[in-house]
Amino acid sequence: LVGVEIKNSILLVDFTNHALKNGMPLVVVEYHALPIASLTLFVPGAGAASDPAGKGGLAAFTPDLLDEAPAGLSAIAIAEEQNRLGASIRAGVDVDSAQVSASTLTKTLDDTLGLFAKIVMQRAFKDKEADRVKGDRVTSLELRRDRPREVVSIMLNAALYGRTTPYGHPSSGT
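All figures in this text were calculated on a predicted structure; none of them were measured in a lab. (Residues numbered from 1 in each chain as written. Predicted model: local features only at pLDDT ≥ 70, side-chain atom pairs only at ≥ 80, totals over all residues. Heavy atoms only, no water.)

### Points about the pairing of strand β4 (residues 25-29)
Across a regular strand the side chains alternate sides, sitting on one face of the sheet and then on the other. In terms of strand pairing, strand β3 (residues 15-19) meets β4 through five bridges, oriented antiparallel. Bridging from a neighbouring strand, Thr16 pairs with Val28 of β4. Taking the residues between adjacent antiparallel strands as the criterion, β3 and β4 are bridged by five residues, where Gly23 takes a positive phi near 95 degrees. (Pairing = 2+ DSSP bridges. Helix = DSSP H or I, 4+ residues; strand = E, 2+ residues; numbered from the N terminus.)

Here is the structure:
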C-alpha cells in the first residue's frame, strides 16, 4: 500500500508491479479522483555519490542539460510544448539516484510521454547549451556562500563522512 495525504489524513491505495518489455520495473498507483497522471523515472546509482573523483557536481549538472536540445528541440520549444500539454517535466538528483518526473493531464498523457521520451532518450548535448548551463551553475556555486543552510549542510556532511567520500563532497559541486 502507498499513502496519499488528503486534507490532513492519509488514504492508503493499492499499487501493482509490472515490467516493461526492456525489463525496467514499473510500479503503478491508480487514484482516479483527479484527471492527472504523474510519473517518475528513477535511475539508481546515478546520484551525487557516483561523481568521479575530482568532478564533484557532475551528477547535479547533468539534469540541468536534459531540457537542452533533445531531438532538435530548443529549451523554449520544450517549455512551449509543456504549456500546450498542461504538463510539467523536471529532472533532479539526490545522493543515490537521478530522477526525471512528469505530471500532466490524463487527456494529454500520450503526447507528454512522447515528449518525456525525447527528453530522456534523444540527447544531443551541444557545447553552446552546455556552456550556458555551466555558467549558470558556476554563478549558483559562487552565490552559495550567501545561503547559510547550504553551507552548514556541506560542512556537516564533510565532517560526518569525510570531505573526499561519496557522501561527504558537495553534491552541487565546488
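### Here we look at the packing of helix α2 (residues 75-85) against helix α3 (residues 109-121)
For the pair α2 and α3, interaxial distance at closest approach is 10 Å and the crossing angle is 160 degrees. With respect to their mutual orientation, α2 and α3 come out roughly antiparallel. Regarding α2 and α3, the two cross each other, and that crossing is left-handed. When α2 is examined against α3, the residues Ile78, Glu81, Gln82, Arg84 and Leu85 are found in contact with a partner set consisting of Asp111, Thr112, Leu115 and Ile119. Of the residues that constitute the contact of α2 with α3, the class distribution is four nonpolar, two polar and three charged. (Axes fitted to C-alpha atoms, helices over the stretch in contact; angles between N-to-C directions. Parallel < 35°, antiparallel > 145°, perpendicular 65-115°, else oblique. Left-handed = near helix turned anticlockwise from the far one by under 90°. Contact = heavy atoms within 4.5 Å. Nonpolar A, V, L, I, M, F, W, Y, C, P; charged D, E, K, R; others polar.)

### Topic: a nonpolar patch on the surface
Among the surface-exposed residues, Val95, Leu156, Leu160, Tyr161 and Tyr167 lie close enough to one another that they form a single nonpolar patch of about 480 Å² accessible area. Along the chain, Tyr161 turns up in helix α5 (residues 148-161). Judged by its relative accessible area of 44%, Tyr161 is partly exposed. (Patch = residues over 30% accessible without salt bridge, like charges linked within 9 Å, V, L, I, M, F, W, Y side chains within 5 Å. Areas by Shrake-Rupley, 256 points an atom, 1.4 Å probe, with all protein chains shown as cover. Salt bridge = Lys/Arg side-chain N within 4 Å of Asp/Glu carboxyl O. Buried < 20%, exposed > 50% of the residue type's maximum accessible area, 1.4 Å probe, protein only.)

### Section: the pairing of strand β6 (residues 88-93)
Here β6 runs beside strand β7 (residues 97-105); their pairing, made up of six bridges, is antiparallel. Within β7, the position partnered with Val93 by the bridge is Ala98. The loop that links β6 with its antiparallel partner β7 comprises three residues.

### A look at the sheet that holds β7
Across the sheet, three strands lie side by side as β5-β7-β6; this open sheet has antiparallel pairing. Both edges of this open sheet fall to β5 (36-44) and β6, since each of them pairs with a single strand only. Averaged over all neighbouring strand pairs, the angle between strand axes comes to 10 degrees, with direction disregarded. The pairing of β5 with β7 spans nine bridges and is classified as antiparallel. Within the sheet, the bridge partner assigned to Ala37 lies in β7 and is Thr104. With respect to the sheet, α3 is in contact with β5, β6 and β7, its orientation differing from that of β7 by roughly 155 degrees.

### A look at the layout of surface pockets
Empty space within the largest pocket amounts to approximately 1,400 Å³. As for the largest pocket, its lining consists of 31 residues, and the residues nearest its centre are Leu26, Val27, Ser38, Leu39 and Thr40. Within the residue set of the lining of the largest pocket, elements represented by two or more residues are β1 (2-6), β4, β5 and α3. With nine residues, the top contributor of residues to the lining of the largest pocket is β5. A per-class count over the lining of the largest pocket returns 25 nonpolar, five polar and one charged. (1 Å grid on protein atoms, 1.4 Å probe; cavity = no way out; pocket = protein on both sides within 12 Å on 5 of 7 lines; lining within 4 Å. Points joined across faces, edges and corners; volume = space filled by probe spheres on them.)

### Thoughts on α5
Spanning 14 residues, α5 covers 20 Å between terminal C-alpha atoms, matching the ideal 20 Å at 1.5 Å per step. Positive backbone phi, approximately 95 degrees, marks Gly162, located one or two places after α5. (Expected span 1.5 Å × (residues − 1).)

### Some thoughts on the pattern of salt bridges
Taken as a whole and assessed by the stated rule, the structure comprises four salt bridges. A salt bridge links Arg137 to Asp64; the nearest nitrogen and oxygen atoms lie 2.7 Å apart. With a gap of 73 residues between them, Arg137 in helix α4 (residues 127-143) and Asp64 in helix α1 (residues 58-65) connect regions that are remote in the sequence. Using a relative accessible area of 32% as the deciding quantity, one classes Asp64 as partly exposed.

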